[in-house]
Amino acid sequence: MRRRVIAGNWKMHMTCAQARDYMGEFLPLIEATPDDRHVVLAPPFTAISTMAGLADGSRVQLASQNVHWQSEGAFTAEISAEMLLEHKVRYTIVGHSEPRKYFSESDEQINQRARCAQANGLIPIVCVGESDQQRERGEAERVIRRQIEQGLEGLDANRLVVAYEPIWAIGTGKTCEASEANRICGLIRSWVGAMDLVIQYGGSVKPANIDELMAMSDIDGVLVGGASLKPDGFARIANYQTP
Ligand code: 13P
């Protein structure tokens, strides 16, 4: 069975003090989480060092919210793989719709970030997904396929996570129907041609819909924004129940 990856993306939330309080409440709640589930948190850069200490010896693995494709240099506001590895970061989120939208990240840049991540032993979580206008125009599959073809070029599918995050479902409370999310995740798997590829769904995942999503055949995990900020809610997500 493919491994399950339950990841929380804290985005621009959480000071170090807040992260400490969070982990104090969260860790006891995931002690009995089944071993085949990888529980991942992506704090802001300022909290990574604190989180590395708090997560040490626990079930929690760390992700970063970005990685640059160069090992060092004049790249203000960026971060290198080596800097992340120093703090035991294991995953890195690239291609999220927010940097795509606010900083005009291209599929080519996303691919460079993901390649550099893999070259350094990090597992990229490559995010793809269509906007509501693209879906309404019937372009969703074409858009996602292009993001997959360009964003995943040259990557090893065995050391990769793809997150299907329809933009219209992010932070809106509007979850994609589980069956539709599953259909798109299945298409992604067939386009990549790797049965073992781990594919997440993201977009308004919460305790109320996690069980239904994780019961789907092609959804191997979730990438959670808002609902990962509450330790009890995210623990319920990690402790999802399937029939
Ligand atoms: P929400 O769970 O808040 O909709 O955010 C999803 C997301 O963007 C995770 O990366």
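First, a word on scope: everything that follows refers to the structure included in this document.

Right, let's talk about the overall build of the protein for a bit. In terms of regular secondary structure, the protein is built from ten helices and eight strands. When its C-alpha atoms are laid out on the principal axes, the protein stretches across 50 × 45 × 30 Å. Of all 243 residues assigned to the protein, the portion counted as buried reaches 53%. Contacts spanning at least 24 positions in sequence make up 72% of the contacts within the protein whose residues lie at least 6 apart.

In terms of nonpolar packing, the biggest core is built from 63 residues, with Phe26, Val60 and Ile188 touching the most fellow members. Excluding anything up to four places from it in sequence, Ile188 contacts Val128, Ile144, Ile148, Val162, Tyr164, Leu197 and Ile199. By size, the runner-up hydrophobic cluster in this structure holds 14 residues, among which are Val5, Ala42, Val161 and Val198.

The next point concerns the sheet that holds strand 2 (residues 37-42). Ordered by their spatial adjacency, eight strands build a closed barrel running 1-2-3-4-5-6-7-8, and the pairing between neighbours is parallel. The mean inter-strand angle of the sheet, taken between neighbouring strand axes irrespective of direction, is 25 degrees. Bridge count between strand 1 (residues 4-9) and strand 8 (residues 221-224): four bridges; the pairing is parallel. Paired with Ala7 across the bridge in strand 8 is Leu223. Docked against the sheet, helix 2 (residues 48-55) engages strand 2, strand 3 (60-64) and strand 4 (89-94), running at close to 165 degrees with respect to strand 3.

So, on to the site of the ligand. Around the ligand sit 13 residues, and of these Lys11, His96, Gly171, Ser204 and Gly226 come closest. The separation between an oxygen atom of the ligand and a polar main-chain atom of Gly171 is 2.6 Å. In this structure, an oxygen atom belonging to the ligand sits 2.9 Å away from a main-chain N or O atom of Gly225. Its atoms largely coinciding with the cavity grid, the ligand occupies the second largest pocket.

Counting buried residues in strand 2 gives five out of six residues, a clear majority hidden from the surface. Two strands pair when backbone bridges link them, and strand 1 and strand 2 are joined in this way by six bridges, in the parallel orientation. When the bridges of strand 2 are listed, Asn9 appears paired with Ala42. Of the crossover connections in this fold, the one passing from strand 1 over helix 1 (residues 16-29) to the parallel strand 2 is right-handed. Both strand 2 and strand 3 contribute to a ladder of three bridges, which runs parallel. Opposite Val39, over in strand 3, you have Val60 as the bridge partner.

Contact pair helix 7 (residues 140-151) / helix 8 (residues 178-192): the axes reach a minimum separation of 11 Å and the direction vectors enclose 40 degrees. Here helix 7 lies oblique to helix 8, going by the angle between them. The two elements helix 7 and helix 8 meet at a crossing, and its hand is right-handed. Of helix 8, the residues touching helix 7 (which contributes Glu141, Ile144, Arg145 and Ile148) are Arg183, Ile184, Leu187, Ile188, Trp191 and Val192.

Rules and cut-offs
- Residues numbered from 1 in each chain as written.
- Predicted model: local features only at pLDDT ≥ 70, side-chain atom pairs only at ≥ 80, totals over all residues.
- Heavy atoms only, no water.
- Helix = DSSP H or I, 4+ residues; strand = E, 2+ residues; numbered from the N terminus.
- Buried < 20%, exposed > 50% of the residue type's maximum accessible area, 1.4 Å probe, protein only.
- Contact = heavy atoms within 4.5 Å.
- Core = buried A, V, L, I, M, F, W, Y, C linked by side-chain atoms within 4.5 Å.
- Pairing = 2+ DSSP bridges.
- Axes fitted to C-alpha atoms, helices over the stretch in contact; angles between N-to-C directions.
- Near = heavy atom within 4 Å.
- Polar contact = N/O pair within 3.5 Å; in protein donor to acceptor, adjacent residues only side chain to side chain.
- 1 Å grid on protein atoms, 1.4 Å probe; cavity = no way out; pocket = protein on both sides within 12 Å on 5 of 7 lines; lining within 4 Å.
- Sits in = over half its atoms within 2 Å of the grid points.
- Right-handed = clockwise from strand over helix to strand, strands pointing away.
- Parallel < 35°, antiparallel > 145°, perpendicular 65-115°, else oblique.
- Left-handed = near helix turned anticlockwise from the far one by under 90°.

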